[in-house]
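Letter by letter, the chains look like this.
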Amino acid sequence: MQAATRSRFAVATALHSLADRAVYPLVVGGGVALVVGSVAEGVSYWAVAPPVVLLCAAIVVVLERCRPYAAAWLEPHGDVAADRMHLTANLAVSQLAILTYGAALRARDSTMQVWPHEWPFPAQFLLGLGIIDLGLYWVHRLSHSVPWLWRLHAIHHGPRRVYWMNGQRRHVLHEAIEGAPGLVVLWLIGAPVDVVACGFATITIHLMLQHANIAYRAGILRRVFSVAELHRWHHQRLYADVQGNYGALLSVWDALFGTTLHKLGDAPPDVGMDDEPDLPLDWLGQHLWPFRRPAAREGDR
Ligand SMILES: [Zn+2]
């Protein structure tokens, strides 16, 4: 290879690498900064969050086509119709939860004030987000050991591919159970509804990147955030192989509580859930499946 060709190749490789590393901080960091910064300035969450989340989704969809992690995951696997339903239903549940939280907060006894309202809004947001995410971590972790929770969670592990819509592929009951611990704690200590709303928007944007079929690299951010490089290991085909990397937003919980999957290299693109071969493909069937599971399988785990 000529010296000039080699140097052009080296520059192109370096630019590719830089672009791969910019995806997560730009999409998640940029999206969250837009939402939180606007709400901190008094803009309504309802005015800013939906367009920002939509913009992030559009960027992710385009990047999946331009820079896929696995080309085979670009093709539908009989999952698109169900995933659209999951996306719609779970976003509706989370927005309804924000409205319900606001109403519950107004009905709360205001004499018990623990929340640091005097902090700058971004600091309040980070505190609230940490509490929400800790709740998500523990419910997810328990969902891999408590049989009835696993039955509600298993449909998340069913697809033979990992792509942006998988983040919302959850039983609506499991969605409610996952969010409840964080919301109850925040309500008890009097966190403002905007903190909860911005926390949910952050999780929504992050989940798209956590499941995105994009060959992005997070680098050192993997030590803090549960990015796709870590989460793909959580989608391997055998139940025994997916007992770890439970973090929804933060990977620090896995490090702190000893549940990090210490896998090297890129996760194989051969994902799904071999141990649950009867998972239905349709949304309604997936919602009925946990309650129809044969009793003979109860003792499996
Ligand atoms: Zn899981």
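Up top is the structure these notes are about.
The notes below deal with the structure included here.

1. Structural notes on the coordination of the zinc ion
- Protein coordination at the zinc ion: the donors are His140 (NE2), His144 (NE2), His153 (NE2), His157 (NE2) and His234 (NE2), at 2.1 to 2.2 Å from the metal.
- Taken in sequence order, the residues that donate to the zinc ion follow the motif H-x3-H-x8-H-x3-H-x76-H. You can see His157 sitting in the loop between helix H5 (147-153) and helix H6 (172-188) and its partner His234 sitting in the loop between helix H8 (228-231) and helix H9 (252-257), a full 77 residues away along the chain. You'll find His157 and His234 in the same group, each marked buried.

2. So, the packing of helix H3 (residues 80-106) against helix H7 (residues 193-211)
- Orientation of H3 relative to H7, taken along the N-to-C sense of each, is 165 degrees, at an axis distance of 9 Å. Of the possible angle classes, the one that applies to H3 and H7 is roughly antiparallel. Seen along the crossing, H3 lies across H7 with a hand that is right-handed. Touching Leu91, Ser94, Ala97, Ile98, Tyr101, Gly102 and Leu105 of H3 are Val193, Val196, Ala197, Phe200 and Thr204, all from H7.
- Counted by class, the contact of H3 with H7 contains nine nonpolar, three polar and no charged residues.

3. Structural notes on H6
- In this model, H6 (17 residues) spans 24 Å end to end at C-alpha, consistent with the 24 Å of a helix rising 1.5 Å per residue.
- The sharpest bend along H6 measures roughly 40 degrees and falls at Ala180, with the proline Pro181 sitting one to four residues further on.
- Among all positions of H6, only His174, Glu175, Glu178, Gly179, Gly182, Leu183 and Leu186 are buried.
- Phi for Gly190, located one or two positions after H6, is positive at around 80 degrees.

4. Some remarks on the nonpolar core
- In terms of nonpolar packing, the biggest core is built from 55 residues, with Val35, Trp164, Leu209 and Tyr216 touching the most fellow members.
- Secondary-structure elements contributing two or more residues to this core are helix H1 (3-40), helix H2 (45-66), H3, helix H4 (121-143), H6, H7 and H8.
- The element contributing the most residues to this core is H7, with eleven residues.
- The residues contacting Tyr216, other than those within four sequence positions of it, are Asp20, Val23, Tyr24, Leu209, Gln210, Val227, Ala228 and Glu229.

Cut-off values and rules
Residues numbered from 1 in each chain as written. Predicted model: local features only at pLDDT ≥ 70, side-chain atom pairs only at ≥ 80, totals over all residues. Heavy atoms only, no water. Donors = N, O, S within 2.8 Å, 3.2 Å for Na, K, Ca; no water. Helix = DSSP H or I, 4+ residues; strand = E, 2+ residues; numbered from the N terminus. Buried < 20%, exposed > 50% of the residue type's maximum accessible area, 1.4 Å probe, protein only. Axes fitted to C-alpha atoms, helices over the stretch in contact; angles between N-to-C directions. Parallel < 35°, antiparallel > 145°, perpendicular 65-115°, else oblique. Left-handed = near helix turned anticlockwise from the far one by under 90°. Contact = heavy atoms within 4.5 Å. Nonpolar A, V, L, I, M, F, W, Y, C, P; charged D, E, K, R; others polar. Expected span 1.5 Å × (residues − 1). Bend = angle between axes of the 7 residues up to and from the residue. Core = buried A, V, L, I, M, F, W, Y, C linked by side-chain atoms within 4.5 Å.

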